[in-house]
Amino acid sequence: MKGRRDCDVLIVGGGPAGLATAIAVRQLGLGALVVDRSAPPIDKACGEGLMPGAVAALGRLGVELPPDLGHPFRGIRYVGDGVSVRADFPHLRGRGLRRPLLHSLLVERATEIGVDFAWRTPVRALQGRCITTDSGELRGRWLVGADGLHSRIRRWSGLAGRSRSRRRFGIRRHYRCKPWSEDVEVYWTDGCEAYVWGSAADEVGVAMLWGGGTSDFDRLLQRFPALVGRLSGATAATRDQGAGPFDQRPRRLYRGRVVLVGDAAGYRDPITGEGLDLSFHQALLLARCLAADDLRPYPRRLRRLTARPYLFIQLLLAAEARPGLRRRLLRLLAANPDLFARLLAIQAGGQPLSTLGWAGAWRLAAGLLGPSH
Ligand SMILES: Cc1cc2nc3c(=O)[nH]c(=O)nc-3n(C[C@H](O)[C@H](O)[C@H](O)COP(=O)(O)OP(=O)(O)OC[C@H]3O[C@@H](n4cnc5c(N)ncnc54)[C@H](O)[C@@H]3O)c2cc1C
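Within each chain, residues carry numbers counting from 1 in the order of the written sequence. Where local features are concerned, this predicted model is filtered to residues with pLDDT of at least 70; where side-chain atom pairs are given and counted, the filter is 80 or more; whole-chain, interface and lining totals use all residues.

**A word on the environment of Pro67**
Part 1 of the argument: With respect to the helices and strands, the residue Pro67 is situated in the loop between helix H2 (52-60) and strand E4 (71-73).
Part 2 of the argument: In this structure the C-alpha to C-alpha distance between Pro67 and Gly262, which are 195 residues apart in sequence, comes to 26 Å. Secondary structure elements follow DSSP: runs of H or I no shorter than four residues count as helices, runs of E no shorter than two count as strands, and numbering proceeds from the N terminus.

**Section: the pairing of strand E15 (residues 203-210)**
Part 1 of the argument: For E15, the tally of buried residues reaches 8 of 8 residues, placing the bulk of the element in the interior.
Part 2 of the argument: Exposure classes come from backbone-placed C-beta atoms, where a residue is buried if 20 or more other C-beta atoms lie within 10 Å of its own, exposed if 12 or fewer do, and partly exposed in between. Residues Glu203, Gly205, Ala207 and Leu209 line one face of E15 and the alternating positions Val204, Val206, Met208 and Trp210 line the opposite face, and both faces are buried.
Part 3 of the argument: Strands pair, by our definition, only if DSSP identifies at least two bridges between them. Here 8 bridges tie strand E12 (residues 169-176) to E15, and the two strands are oriented antiparallel to one another. What sits directly across from Arg172, in E15, is Ala207.
Part 4 of the argument: The sheet contact formed by strand E14 (residues 192-200) and E15 spans 8 bridges and is antiparallel. Bridging from a neighbouring strand, Glu193 pairs with Leu209 of E15.
Part 5 of the argument: A loop of 2 residues connects E14 with E15, the two strands running antiparallel in sequence.

**Things to note about helix H9 (residues 323-335)**
Part 1 of the argument: For H9, which comprises 13 residues, the first-to-last C-alpha distance of 18 Å matches the rise-based estimate of 18 Å (1.5 Å per residue) to within 8%.
Part 2 of the argument: Inspection of H9 places Arg326, Arg328, Leu329, Leu330 and Leu333 among the buried residues, and these make up the whole buried set.
Part 3 of the argument: Residues are scored as being in contact if the C-beta atoms we place from backbone atoms lie within 7 Å. Close packing links the buried residues of H9 with strand E5 (75-80), strand E6 (83-88), strand E13 (183-189), helix H8 (297-321), helix H10 (337-347) and helix H11 (357-369). Multiply 1.5 Å by the residue count of a helix minus one, and that product is the helix's expected span.

**A look at the site of the ligand**
Part 1 of the argument: Near the ligand lie 40 residues; those nearest to it are Gly15, Gly47, Gly170, Gly262 and Gly275.
Part 2 of the argument: Of all elements in the fold, only helix H1 (16-27), E12 and helix H7 (275-291) reach the threshold of two or more residues within the shell around the ligand.
Part 3 of the argument: No other element matches H7, which puts 4 residues into the shell around the ligand.
Part 4 of the argument: When its residues are assigned to classes, the shell around the ligand shows 17 nonpolar, 13 polar and 10 charged. Nearness is defined per residue: the C-beta atom, placed using the backbone, must lie within 6 Å of the molecule or strand. Think of it as three bins: nonpolar holds Ala, Val, Leu, Ile, Met, Phe, Trp, Tyr, Cys and Pro, charged holds Asp, Glu, Lys and Arg, and polar takes everything else, Gly as well.

**Quick notes on H1**
Part 1 of the argument: Given a rise of 1.5 Å per residue, 12 residues ought to cover 16 Å, and the 16 Å separating the end C-alpha atoms of H1 matches this to within 8%.
Part 2 of the argument: Most of H1 sits inside the fold, with 11 of its 12 residues counted as buried.
Part 3 of the argument: Among the residues making up H1, those that are buried are Pro16, Ala17, Gly18, Leu19, Ala20, Thr21, Ala22, Ile23, Ala24, Val25 and Arg26.

**Comments concerning the environment of Asp240**
Part 1 of the argument: Counting through the fold element by element, Asp240 comes out in the loop between strand E16 (235-236) and strand E17 (241-243).
Part 2 of the argument: Along the sequence, Asp240 and Arg219 sit 21 residues apart, while their C-alpha atoms lie 13 Å from each other.
Part 3 of the argument: With residues up to four places along the chain from it excluded, the contact list for Asp240 reads Ile171, Arg172, Arg173 and Phe217.

**Some thoughts on the environment of Leu138**
Part 1 of the argument: Topologically, Leu138 is positioned in strand E11 (residues 136-145).
Part 2 of the argument: In this structure, the C-alpha to C-alpha distance between Leu138 and Val123, residues 15 residues apart in sequence, is 9.8 Å.
Part 3 of the argument: Each residue touching Leu138, except ones within four places of it in the same chain, is listed here: Arg5, Leu10, Leu33, Val35, Ile131 and Thr133.

**Some remarks on the pairing of strand E10 (residues 130-133)**
Sheet faces and side chains relate simply in a regular strand, where the side chains alternate between the two faces.
Part 1 of the argument: Where strand E9 (residues 125-127) meets E10, 3 bridges bridge the pair, whose relative direction is antiparallel. Following the sheet pairing, Leu126 is matched in E10 by Ile131.
Part 2 of the argument: Following E9, the chain reverses through 2 residues before pairing antiparallel with E10; Gly128 in that reversal takes a positive phi of roughly 60 degrees.
Part 3 of the argument: Hairpin connection between E10 and E11: a loop of 2 residues separates the two successive antiparallel strands.

**Let's talk about the sheet that holds E4**
Part 1 of the argument: Read from one edge of the open sheet, 3 strands run E3-E7-E4, paired in antiparallel fashion. Since the sheet does not close on itself, it has two edges, and those belong to strand E3 (49-50) and E4, each with one partner.
Part 2 of the argument: As judged from the 2 bridges shared by E3 and strand E7 (residues 94-96), these two strands associate in the antiparallel manner. From the neighbouring strand, Gly49 faces E7, where its bridge partner is Gly96.

**So, the nonpolar core**
Part 1 of the argument: Structurally, a nonpolar core is described as a collection of buried Ala, Val, Leu, Ile, Met, Phe, Trp, Tyr and Cys residues joined by way of C-beta atoms within 7 Å. Grouped together as the largest cluster of nonpolar side chains are 96 residues, with contacts concentrated most on Ile11, Val144, Val259 and Val261.
Part 2 of the argument: By residue number, the principal contributor to this core is H1, which donates 7 residues.
Part 3 of the argument: If we skip the residues at most four places from it in the chain, Val261 touches Ala17, Thr21, Val144, Ala146, Gln282, Ala283 and Leu286.

**A closer look at unusual backbone geometry**
Part 1 of the argument: Cis geometry is adopted by the peptide bond preceding Pro41, which originates at Pro40 and carries an omega value of -5 degrees.
Part 2 of the argument: Within the fold, Pro41 resides in the loop between strand E2 (32-35) and E3.
Part 3 of the argument: For the bond running from Gly244 to Pro245, omega is -10 degrees, close enough to zero to count as cis.
Part 4 of the argument: By secondary structure assignment, the location of Pro245 is in the loop between E17 and strand E18 (254-255).
Part 5 of the argument: In this structure, Glu48 takes a positive phi of about 60 degrees despite not being glycine.
Part 6 of the argument: Summarising the element assignment, Glu48 is placed in the loop between E2 and E3.
Part 7 of the argument: Using a count of 26 C-beta atoms within 10 Å as the deciding quantity, one classes Glu48 as buried.
Part 8 of the argument: Of note in this structure, Arg120 is not a glycine but carries a positive phi near 50 degrees.
Part 9 of the argument: Following the sequence through the fold, Arg120 ends up in the loop between strand E8 (116-118) and E9.

Below is the structure:
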């Protein structure tokens, strides 16, 4: 493709956010070209938990999840500080699904509705709405940066901001063994959490998030003796993949006709497992703005979309950083499983904050501010 090629919406990054944006703009009648340095199916370090909201958003994008693909989960279980407490999602279930499988489903749907692709095409530079690749220049009426956590489009377009919180990292591995739980399990210990989910009928995924020190999977895992016991005898099914540091915030979301979506548009932390959910909803929201030829509502609508998830991320990061607060939170939830269910309904079930009620809010505040022993 030497020379220059033009299109309606040029999307740099064919991960979940870029593909969801391409599908959503095509559904609204615009042309879309996705450029990615890799080729499908693309894998990535991820907890691979599709929260109920992500499953619903995939439906809106016309992506059907075959019922036997991956492994469903009913809720979340927290384990740590001598307690174990779980709650169900209020309506839909979530789904643990290997990233390459999710990627294939998104590519299939995008292909079906006429999205164009340039795979194995690293983007080398950006000028205005024009990108340079090894095989020529591409230009979109709109240029969407969906190139992930360390987005170059964000940097090249002058939209990058500063991260504000502690540097945290993540690493992920799969094991050949039958999932033992119908929940996503979150094991807590000082300075590290482990997330465990069923990714297939005979496979379990483990991701750990931590704030510094070793990045060796096996050494991190030793911090969770209960998990080591569960996994003893199981062989690794995938090579380890890592990511971070998290907490990347743009200064602004768009400049002229260059706009950001997905992790490129700002990412806090995987602690609530909502990156995909947010990416899909952002994509739907951005597509409406692009179809209306007006990006001005995008930042405000995105703030509204992320306000509640960011509140829960802040709460959990505060507990993660302060063992005393974490102990109080876990014991409070263990003593009040109904409170946990309500919080989960708000965080992952789309229920309004009022679901907590005055009594619930009081119990939460009193429990968090009370003694840790
Ligand atoms: C350890 C961990 C656990 C997580 N757990 C969960 C979870 O359980 N549930 C959940 O919903 N979310 C989770 N997330 C978050 C989720 O993975 C991200 O939010 C999601 O991948 C964002 O998608 P994206 O398309 O914005 O970015 P990415 O998936 O990173 O895609 C970006 C794409 O851009 C391409 N690209 C980058 N630079 C260029 C370039 N110069 N030229 C061409 N192409 C380029 C890349 O090849 C890539 O395909 C987790 C994240 C981590 C790190």
